[in-house]
Amino acid sequence: MNFLAHLHLADISQTSLAANLAGDFAKGPIDQFTKPLQQGLWLHRQIDKITDEHEIFKEMLGKFPRHLSRAAPLLIDLGFDHRLARDWEEYHHEPLEIFCQRAYDVLRTCDHLPPKLAAIAPRMCDEDWLGAYGSRSGINAAIAGVRRRLSRPEIFDGAEAAVEQLDMELEIAFRTLYPQLMAYSRRLARTTPEQYL
């Protein structure tokens, strides 16, 4: 899952938005991070593990061209965020614009973000990365942003075209897998190990 999905799963499981988003930027043992982050980091890692091991996700990986095999997991994550943003009203009672602003407010006021997240959070908020996922140009901009941060950007060559070509397959995979992840998130939030609470 990418940024929007992790924030959405945090919200429906009533756990910290900032902590769940921090999972992509926090490496190593969870207990080295501040207490306000620990439950969200644990939940983020559990969701990523469930997703990566799910048969639907594995099948989707196989649909990408061979030259995009290294990029495919992240492209699926971005494709899922695109679907979630486009069909937001089916998954959340709050309008996407209001949810995004609430998430940005949390990021702006959180004083314990991992340094890499703290560094990009202002741009994420100012440029409305979350809301932009709903458009084709927005998802292409997200792919281009990832490419710029890579030491080997060529592994993303042709990524935009592949994601667009696989749009229907990504929608089917998302609509099948994501409701399961929503249910897992709610259950995991209730069964978080006590040391992370």
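Our subject in this report is the structure included herewith. (Residues numbered from 1 in each chain as written. Predicted model: local features only at pLDDT ≥ 70, side-chain atom pairs only at ≥ 80, totals over all residues. Heavy atoms only, no water.)

1. Considering the side chain of Thr15
Here Thr15 lies in the loop between helix H1 (3–12) and helix H2 (17–22). In contact with Thr15, not counting residues within four places along its chain, are Ala10, Asn20, Gln39, Leu43 and Ala189. (Helix = DSSP H or I, 4+ residues; strand = E, 2+ residues; numbered from the N terminus. Contact = heavy atoms within 4.5 Å.)

2. What to know about the layout of surface pockets
If you add up the space inside the largest pocket, you get close to 750 Å³. Residue lining of the largest pocket: 26 residues in total, with Asn2, Phe3, Phe25, Val146 and Arg149 positioned closest to the centre. For the lining of the largest pocket, the elements supplying multiple residues, two or more each, are helix H3 (35–53), helix H5 (72–86), helix H7 (115–126), helix H8 (129–132) and helix H9 (136–149). In terms of residue count, H9 provides more of the lining of the largest pocket than any other element does, 7 residues in total. (1 Å grid on protein atoms, 1.4 Å probe; cavity = no way out; pocket = protein on both sides within 12 Å on 5 of 7 lines; lining within 4 Å. Points joined across faces, edges and corners; volume = space filled by probe spheres on them.)

3. Focus: the pattern of salt bridges
Evaluated as defined, the whole model comprises 15 salt bridges. For Arg102, the salt bridge goes to Asp11, with nearest N and O atoms at 3.0 Å. Of this pair, Arg102 sits in helix H6 (residues 96–109) while Asp11 sits in helix H1, and the two are 91 residues apart along the sequence. Its salt-bridge partner being Arg83, residue Asp167 comes within 2.6 Å of it at the nearest N-O pair. (Salt bridge = Lys/Arg side-chain N within 4 Å of Asp/Glu carboxyl O.)

4. Focus on the environment of Tyr104
With respect to the helices, strands and loops of the structure, Tyr104 is situated in helix H6. For Tyr104, a relative accessible area of 0% puts it in the buried group. With residues up to four places along the chain from it excluded, the contact list for Tyr104 reads Met124, Cys125, Asp128, Trp129, Leu130 and Gly131. (Buried < 20%, exposed > 50% of the residue type's maximum accessible area, 1.4 Å probe, protein only.)

5. Observations regarding the packing of aromatic side chains
Evaluation of the coordinates by the stated rule reveals 6 aromatic pairs. Taking 5.9 Å as the distance between ring centres and 25 degrees as the angle between the ring planes, the aromatic pair formed by Phe3 and Phe25 counts as stacked. With Phe3 in helix H1 and Phe25 in the loop between H2 and H3, this pair connects stretches of sequence that are 22 residues apart. Between Trp88 and Phe99, the aromatic rings sit 4.9 Å apart at their centres with planes inclined by 45 degrees, giving tilted as the arrangement. (Phe/Tyr/Trp six-rings, centres within 6.5 Å; stacked < 30°, edge-to-face > 60°.)

6. Section: the packing of H5 against helix H11 (residues 167–190)
Contact geometry of H5 with H11 gives a least axis separation of 9 Å together with a crossing angle of 75 degrees. In terms of orientation, H5 lies roughly perpendicular with respect to H11. The residues of H11 that touch H5, namely those facing Ile76, Gly79, Phe80, His82, Arg83, Leu84 and Arg86, are Asp167, Leu170, Glu171, Ala173, Phe174, Leu177 and Tyr178. The class makeup of the residues in the contact of H5 with H11 is 8 nonpolar, 2 polar and 4 charged. (Axes fitted to C-alpha atoms, helices over the stretch in contact; angles between N-to-C directions. Parallel < 35°, antiparallel > 145°, perpendicular 65-115°, else oblique. Nonpolar A, V, L, I, M, F, W, Y, C, P; charged D, E, K, R; others polar.)

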